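# Structural description and commentary
One letter stands for each residue in the lines below.
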Amino acid sequence: MSSEGPQVIGSRDNAFLKELRRLAQDSTAYRKQGRVWLEGDHLCRAALQRGLQPSHAVFQSSYWDASGHDWAGAGGKAVVIDDALFATVSGLESPARMGFVLPLPPRAELQADAPTVVLDGLQDAGNVGTILRSAGAFGFRQVVAIKGTAALWSPKVLRAGMGAHFGLDLIEGVEPDALAALAVPLLATSSHRGEFLHVARLPWPCAWVFGHEGQGVGAAVAARASRFVRIVQPGGEESLNVGAAAAICLHASAAGAAGP
């Protein structure tokens, strides 16, 4: 952090504080501001581990007094906010005591041959973040979000992703036609058609597409799929949560690629 000492904010009307509130509470404010809000030490440390540096490191006043020295190497401008005012920034029921303002990473260029996850209209931030975590864990480094999918860099998706964002190439706001640039086969999940995952011979690399929680994969994206795959459900439930289904499918691909 800067050696010139922290900026101390004690006024509710401070301009930086107002921008920070919008960034923390509006799911698409990052697009206008060109920066994202990481709340809590886990996300902040995950960003640092990937070599990212904040523009601002923001601390609750009492936390700064007790632990500010722990973040001496974080980089960026230190900002200390009165405890009560810090609570007005957070979107959490139990606010964290520090966070980073991070410049929005540049939009990645679509890589035709990369193992890819395509998100088609998913709305739930928790599902999206969970799928990003699974993508990172199972070797899918590119995530393409079709227009209408929940904002990938929103605070809720960032929290659910638990740091996975920083190891992925994220491309959002894409039209279905852009998928034509992928040179890998597109596999679509379905609850009622296609071969069963546990007996399928899965190609690698490939692109998996996961659709809207209620409506599934849209027609425009489904038309581009080379195969449909379903997960056997002997327990008889109608369908799986899309986050759970994604984890199962991505693991199956990773296991197949790794071999026996």
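Remember, predicted model here, so these are calculated numbers, not experimental data.

Parameters at a glance
For every chain, the first residue of the written sequence is number 1, and numbering continues from 1 along that sequence. Under the rules for a predicted model, residues below a pLDDT of 70 receive no local features and side-chain atom pairs below 80 are neither given nor counted, while totals for whole chains, interfaces and linings still include all residues. Values reported for side chains reflect all heavy atoms of the structure, with hydrogen atoms and water molecules removed beforehand. Among buried residues, the Ala, Val, Leu, Ile, Met, Phe, Trp, Tyr and Cys ones that are joined through side-chain atoms within 4.5 Å form a nonpolar core. We call a residue buried when its accessible area falls under 20% of the maximum for its residue type, exposed when it is over 50%, and partly exposed in between, using a 1.4 Å probe and counting protein chains only. The contact criterion used is simple: two residues touch if any of their non-hydrogen atoms lie within 4.5 Å. Cavities and pockets are found on a 1 Å grid laid over the protein atoms alone: a cavity is a set of points where a 1.4 Å probe fits but cannot escape, a pocket is an open set with protein on both sides within 12 Å along at least five of seven lines, and a lining residue has an atom within 4 Å of such a point. Grid points are joined across faces, edges and corners, and a volume is the space filled by probe spheres set on the points. Helix and strand definitions follow DSSP, with helices as H or I runs of at least four residues and strands as E runs of at least two, each counted in order from the N terminus. Two strands make a pair as long as DSSP finds a minimum of two bridges between them. In this description, a line fitted to the C-alpha atoms serves as the axis of each element, helices being fitted only across the stretch in contact, and the angle between N-to-C directions of two axes falls anywhere from 0 to 180 degrees. Here a salt bridge means any side-chain nitrogen of Lys or Arg lying within 4 Å of a carboxyl oxygen belonging to Asp or Glu.

What follows covers the nonpolar core. Residues Leu38 and Trp208 are the most contacted members of the largest nonpolar core, which totals 63 residues. Those residues in contact with Leu38 that sit more than four places away from it in its chain are Leu43, Cys44, Ala47, Met98, Gly99, Phe100, Leu102, Leu158 and Phe166. One finds Val118, Leu182, Val217 and Ala222 within the second-largest nonpolar core, a separate group that totals 18 residues.

One number sums up the size of the largest pocket: a volume of about 570 Å³. Thr189, Ser190, Ser191, Gly216 and Ser239 are the residues nearest the centre of the largest pocket, which is lined by 25 residues in total. When contributions to the lining of the largest pocket are tallied by element, the ones reaching two or more residues are strand E12 (227-230) and helix H9 (242-258). If one sorts the elements of the lining of the largest pocket by residue count, E12 sits on top with 3 residues. Empty space within the second largest pocket amounts to approximately 270 Å³. Every residue lining the second largest pocket is counted, 16 residues in all, and those nearest its centre are Pro105, Pro106, Arg107, Trp153 and Leu170. Secondary-structure elements contributing two or more residues to the lining of the second largest pocket are helix H2 (29-33) and strand E8 (169-174).

Next up on the list: the environment of Ala180. Inspection of the secondary structure puts Ala180 in the loop between E8 and strand E9 (186-189). When the C-alpha positions of Ala180 and Ala112 are compared, they lie 9.1 Å apart, and in sequence the two are 68 residues distant.

This paragraph deals with the sheet that holds strand E7 (residues 142-146). Across the sheet, which stays open at both edges, the 7 strands sit in the order E8-E7-E6-E11-E9-E12-E10 with parallel pairing between neighbours. Edge positions in the sheet fall to E8 and strand E10 (195-196), since each has one partner strand and no second. Summarising the sheet, E10 and E12 pair through 2 bridges and their orientation is parallel. Counterpart to Phe196 in the pairing with E12 is Arg230. Across the sheet, H9 lies against strand E6 (116-120), E9 and strand E11 (207-211), angled at about 170 degrees from E11, the strand it touches most.

Most of E11 sits inside the fold, with 5 of its 5 residues counted as buried. Neither face of E11 is left uncovered, since the one carrying Ala207, Val209 and Gly211 and the one carrying Trp208 and Phe210 both have all their residues buried. Pairing geometry for E6 and E11, over 5 bridges, is parallel. Bridge pairing links Leu119 to Phe210 in E11.

Here we take up the sheet that holds strand E3 (residues 56-60). In spatial order, the strands read E1-E4-E3-E5-E2; together these 5 strands make up an open sheet with mixed pairing. Each edge of the open sheet is held by one strand with a lone partner, namely strand E1 (7-9) and strand E2 (35-39). Neighbour-to-neighbour, the strand axes of the sheet open up by a mean angle of 20 degrees, direction not taken into account. As defined by bridge partners, E3 adjoins strand E4 (residues 77-81) across 5 bridges and the pair is classed as parallel. Among the inter-strand pairings, His56 is bridged to a residue of E4, identified as Lys77. In the packing of helix H3 (residues 41-49) onto the sheet, the strands contacted are E2 and strand E5 (98-103), and the crossing angle to E5 comes to about 40 degrees.

Our focus in this paragraph is the pattern of salt bridges. Applying the stated criterion across every chain, the model contains 5 salt bridges. One salt bridge connects Asp177 with Arg224, and the closest N-O pair in it is separated by 3.1 Å. Remark: Arg224 occurs in the loop between helix H8 (219-222) and E12 and Asp177 occurs in the loop between E8 and E9; sequence separation between them is 47 residues. For Glu195, the salt bridge is made with Arg227, and the minimal N-O distance between the two is 2.4 Å. Taken as a pair, Glu195 in strand E10 and Arg227 in strand E12 lie far apart in primary sequence, 32 residues in all. On the accessibility criterion, Arg227 (22% relative accessible area) is partly exposed.

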